[in-house]
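Structure assessment
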Amino acid sequence: MVICGLPAAAGVGFRPEHFADIVAAPRPIPLVEIHAENYMGAGGTPHRMLRTLRERHALSIHGVGLSLGSAGTLDDTHLGRLAALCDRYQPAVVSEHLAWCRDGGTFLADLLPLPYDEATLHRVGDHVDRMQTVLRRMVLIENPSTYVGLRDSAIPEPEFLAALAARTGCGLLLDVNNLHVSAVNHGFDAAARLSAFPLERVGEIHLAGHARVADPAGGTVLVDDHGSAVDEAVWALFRDVVARTGPVPTVVEWDNEVPSWAVLEAEATAAQAILDRVARRRAA
Amino acid sequence: MDAMSQARFAAALLDPDMGVPEEVATPENGRFAVYRNNVVAGLATALATRFPAVETIVGSEFFAAMAGVFVRRHPPRSPVMHEYGDAFPGFIETFPPAAGLTFLPDVARLEWARGVAYHAADTAPIDPGVLTRLAPDALPGLRIALHPSLAAIASDHPIRTIWAMNSGDGEATPIERWEPEEVLVVRPHEDVLVRLLPPGGAAFVAMLATDRPLGEAAAGAARPGFDLAGALALLIGTGSIVAVRTDPSSEERS
């Protein structure tokens, strides 16, 4: 396991509507994660909240807009804004995605799939190198949810991520929900995918809910919408992972149909209970 | 997936008439539509968050359709979502199905200004005492630095009234006096303020913002109903002034 500076405990993806509850919670949530792009304004409430969070909790900054998989060069303007945010708040960890979301000057606001081949490995490797150089730190790269297979994909995703980590020295953010969603959508066995995953490079885990949607061909597609409670299948995979790795910093994400703080906190508490059980078993 | 493939893939996301890109291995299952929906519906939702009163006025179905057309025609240029939508008010102006709602573009401008103010730099307003201590004959030459969050909007329609009725706990009632309204938007501290300016107030503020002295700005804004003392009191009272200087070489702050 990669040590990334976050406590090996369960926290949440931060939603501003929960700010007052998080601050007032008798037992402070041990870690919070923010989406970098929501804090790239100059001032105002977002930064006031972030200052308070940074003082009281371990902070993870999670980028969703750098587009590490885009052809051509990385967007240095955006990377500069990310670097400025990290300089300002000194988070315990910074992460991004194995995906693309920008075509030239157009930003597409979704994490789009990449073919896993040598060309993509070189390109994403170069971009992760650049990101780590500019941020002067190791970053974690997250496995995506995908909905379509790509013609040129030749390397299984776990192998691709292992090669990316070996090439760049980056850590990995294992999104267990994404792993499940992609496995179901592409007909892979999730447990086998997990066994192949380079767990020794994982520095953080994500948990989230997904939606089941009918596809036009009469099948069902799982959509990673962060809009509901963590699915039982994902909890089962999470228990498998941490049984192998021991406790890992874990973030529960719930970004749409955002529930009350009590509901989200209960999800984090459930994740914490699993981490605690593993820790006790390891200590015994 | 080279630059050309990504460009094709991106174009197909935004254009439902284009086929599934050839890079997709299993086009027959229709799942490329998930990405199309994520992009267009996701961005339309981002706009609804940014323009909630516009959405309330036209209804969520109309808004989603209008936003969908906008998103396809003007996709974002930046990954920072709160910077997306500056072209939306102008687009509404040219969107034929909304042509009957002549006030709608200005309501959207008000909402855009609120969002900009929300994220603007933090700067402390000037101590009002600095202004009251100035000699009266210094006032015409006074140059006023306005808060970085500030915007002023002049409309032919009662946009503050309409906006307030369609925001938060507001209640929509018939508007008895359909009159032009000028609006000041500013965030001196935590909360974004939306206040009515006197007629000419927006022109007055615009001239101050380009570093014209107070006397010249007042003369430029003069029109029936313009109230200089009232406009100044509003700027001071809302914390819209961050610095003043009486001649180009000296600047007095709180």
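Think of each chain on its own: its residues are numbered from 1, step by step along the sequence as written. To label them, take the chains in the order written and letter them from A, then take the ligands in the order written and number them from 1. This being a predicted model, a pLDDT of at least 70 is required before a residue's local features are given, and a value of 80 or more before pairs of side-chain atoms are given or counted; all residues contribute to the totals for chains, interfaces and linings. The side-chain numbers reported here are obtained from all heavy atoms of the structure, hydrogens and water having been left aside.

**Quick notes on the overall build of chain A**
Secondary structure is summarised from DSSP: a helix means a run of H or I of at least four residues, a strand means a run of E of at least two, and numbering begins at the N terminus for each. On a plain count of helices and strands, chain A comes out with 9 helices and 12 strands. Every radius of gyration here is taken over C-alpha atoms, with the globule rule written as 2.2 Å times N^0.38, N being the number of residues. Over its C-alpha atoms chain A spans a radius of gyration of 18 Å, differing by no more than 12% from the 19 Å that the globule rule assigns to 284 residues. Its C-alpha atoms put chain A at 50 × 40 × 40 Å along the principal axes. Classification of the 284 residues of chain A by burial places 58% in the buried group. For this analysis, residues touch if any pair of their heavy atoms sits within 4.5 Å. Pairs at least 24 apart in sequence give 79% of the contacts found in chain A among residues at least 6 apart. Here the open area of atoms and residues is found with the Shrake-Rupley method and a 1.4 Å probe, where only the protein chains shown may cover a residue. Entry remark: accessible area of chain A is about 10,200 Å², with carbon and sulfur atoms responsible for 52%. For the purpose of counting charges, residues Lys and Arg are taken to be positive, whereas Asp and Glu are taken to be negative. His and the chain ends are not included. The atom standing in for a charge is NZ when the residue is Lys, CZ when it is Arg, CG when it is Asp and CD when it is Glu. Of the side chains in chain A, 24 bear a positive and 35 a negative charge, and the two mean positions are spaced by 7 Å. A simple rule labels every residue: compare its accessible area, found with a 1.4 Å probe on the protein chains alone, to the largest value its type can have, and call it buried under 20%, exposed over 50%, or partly exposed in between.

**So, the overall build of chain B**
Secondary structure summary: chain B contains 11 helices and 6 strands in total. Whereas a compact globule of 254 residues would reach a radius of gyration of roughly 18 Å, chain B reaches 23 Å, over 25% beyond that. With respect to the three principal axes, the spread of C-alpha positions in chain B is 80 × 45 × 30 Å. A total of 254 residues make up chain B; the buried ones form 49% of that total. A separation of at least 24 residues holds for 65% of the contacts in chain B among residues at least 6 apart in sequence.

**Examining the interface of chain A and chain B**
Across the contact, 45 residues belong to chain A and 40 residues belong to chain B. Around 3,600 Å² of area is buried between chain A and chain B when both sides are counted, 56% of it from carbon and sulfur atoms. Just to be clear on terms, a salt bridge is a Lys or Arg side-chain nitrogen sitting within 4 Å of an Asp or Glu carboxyl oxygen. Here chain A is connected to chain B by 4 salt bridges. With a closest N to O distance of 2.8 Å, Asp215(A) and Arg31(B) form a salt bridge. In the analysis that follows, any N or O atom pair within 3.5 Å is treated as a polar contact, provided that within protein one partner can donate a hydrogen and the other can accept it, and provided that, for residues neighboring in sequence, both atoms belong to side chains. Viewed at the interface, chain B and chain A are joined by 22 residue pairs in polar contact (both at pLDDT 80 or more). Every element with two or more residues in the side of chain A that touches chain B is listed here: α2 (45-56), α3 (76-89), β5 (100-103), β6 (106-112), α4 (118-135) and β11 (220-223) of chain A. With 7 residues, the single largest contributor to the side of chain A that touches chain B is β6(A). Here the nonpolar group is Ala, Val, Leu, Ile, Met, Phe, Trp, Tyr, Cys and Pro; Asp, Glu, Lys and Arg are the charged ones; every other residue, Gly included, is treated as polar. Here the residues of the side of chain A that touches chain B sort into 20 nonpolar, 17 polar and 8 charged. Summed over both partners, buried area is the accessible surface (1.4 Å probe) that two parts give up on being assembled.

**Side note on α3(A)**
Since there are 3.6 residues in each turn of an α-helix, residues three or four apart along the chain are aligned in direction. Residue and element names in this part refer to chain A. Take the number of residues in a helix, subtract one, and multiply by 1.5 Å to get its expected span. Counted at 1.5 Å a residue, the expected span for α3 with its 14 residues is 20 Å, and the 20 Å between its end C-alpha atoms agrees. Taken residue by residue, α3 has His-78, Leu-79, Leu-82, Ala-83, Leu-85, Cys-86 and Tyr-89 as its buried positions. All buried residues of α3 project into a common sector of 160 degrees when viewed along the axis, lining one side. Looking at the buried residues of α3, the elements they touch are β2 (31-35), α2, β3 (58-62), β4 (93-97) and α4. Its side-chain oxygen placed 3.1 Å from the backbone nitrogen of Thr-77, Asp-75 serves as the N-cap of α3. Looking one or two places after α3, you find Gln-90, whose phi comes out positive at around 45 degrees. By definition, the arc is the one covered by directions from the helix axis to the C-beta atoms.

**A closer look at the pairing of β4(A)**
All names here are of chain A. For β4, a buried count of 5 out of 5 residues is recorded, marking the element as mostly surrounded by other parts of the structure. Burial along β4 is two-sided: Val-93, Ser-95 and His-97 facing one way and Val-94 and Glu-96 facing the other are all buried. Inspection of the sheet shows β3 paired to β4 by 3 bridges, in the parallel sense. When the bridges of β4 are listed, Ile-61 appears paired with Val-94. Between the parallel pair β3 and β4, the chain is carried across by α3, and the sense of this crossover is right-handed. A pair of strands is considered paired only if DSSP assigns at least 2 bridges between the two. Relative to strand β7 (residues 140-142), β4 is paired through 3 bridges, and the arrangement is parallel. From the neighbouring strand, Ser-95 faces β7, where its bridge partner is Leu-140. Handedness of a crossover is defined as follows: orient the strands so they point away from the viewer, and if the path from the first strand over the helix to the second runs clockwise, the crossover is right-handed.

**Some points on the environment of Ala273(A)**
Mapping Ala273(A) onto the fold places it in helix α9 (residues 261-283). Distance from Ala273(A) to Ala10(A), taken between C-alpha atoms, is 8.9 Å for residues 263 residues apart in sequence.

**Looking at the sheet that holds β2(A)**
Within a sheet, neighbouring strands are paired by backbone hydrogen bonds and run either parallel or antiparallel to one another. Residues and elements named next belong to chain A. Spatially, the 8 strands close up into a barrel ordered β1-β2-β3-β4-β7-β8-β9-β12, and their pairing is parallel. Averaged over all adjacent pairs, the angle separating strand axes in this sheet is 30 degrees, with direction ignored. Two strands pair when backbone bridges link them, and β2 and β3 are joined in this way by 5 bridges, in the parallel orientation. Paired with Val-32 across the bridge in β3 is Leu-59. Fitting a line to C-alpha atoms yields each axis, with helices limited to the stretch in contact; the angle taken between N-to-C directions then spans 0 to 180 degrees.

**Remarks on the domain arrangement of chain B**
Source of the domain bounds: an automatic or database domain assignment. Split into domains, chain B comes out as domain 1 (1-101) and domain 2 (123-254). The centre of domain 1 of chain B, based on its C-alpha atoms, is set 36 Å off from the matching centre of domain 2 of chain B.

**Digging into the pattern of salt bridges**
Charged atoms that come close allow side chains of opposite charge to pair. If you walk through the whole model with that rule in mind, you get 20 salt bridges over all chains. Arg109(B) serves as the salt-bridge partner of Glu93(B), at 3.2 Å between the closest nitrogen and oxygen. A residue pair is termed long-range when its members are at least 10 positions apart, and Glu93(B) in helix α5 (residues 88-93) and Arg109(B) in helix α6 (residues 104-119) qualify at 16 residues. The structure contains a network of salt bridges with shared partners spanning Arg151(A), Asp152(A), Arg8(B), Glu22(B) and Glu23(B).

**Brief notes about the nonpolar core**
Among buried residues, the Ala, Val, Leu, Ile, Met, Phe, Trp, Tyr and Cys ones that are joined through side-chain atoms within 4.5 Å form a nonpolar core. Core analysis: the biggest nonpolar cluster contains 130 residues, and Leu82(A), Leu174(A), Ile205(A), Leu207(A), Phe63(B) and Met66(B) have the highest contact counts within it. With 9 residues, helix α2 (residues 32-50) of chain B is the largest single contributor of residues to this core. Residues from two domains meet in this core; each of domain 1 (1-101) and domain 2 (123-254) of chain B gives at least three. Excluding anything up to four places from it in sequence, Phe63(B) contacts Ala44(B), Leu47(B), Ala48(B), Phe51(B), Val54(B), Glu55(B), Val58(B) and Phe88(B). Among the nonpolar cores identified, the runner-up in size contains 27 residues, and Leu150(B), Leu184(B), Ala231(B) and Leu232(B) belong to it.

**Concerning the packing of α3(A) against α4(A)**
Residues and elements named next belong to chain A. As a packed pair, α3 and α4 sit with axes 10 Å apart at the nearest point and diverge in direction by 40 degrees. Taken together, the axis directions place α3 and α4 in an arrangement best described as oblique. As for the relative orientation of α3 and α4, their crossing is right-handed in sense. Seen from α3, the contacting residues are Asp-76, Leu-79, Leu-82 and Ala-83; seen from α4, they are Arg-130, Met-131, Val-134 and Leu-135. Here the residues of the contact of α3 with α4 sort into 6 nonpolar, no polar and 2 charged. An angle counts as roughly parallel when it lies under 35 degrees, as roughly antiparallel when it exceeds 145, as roughly perpendicular when it falls between 65 and 115, and as oblique in every other case. Left-handed is the label given to a crossing in which the near helix is rotated counterclockwise from the far helix by less than a right angle, and right-handed is the label when the rotation is clockwise.

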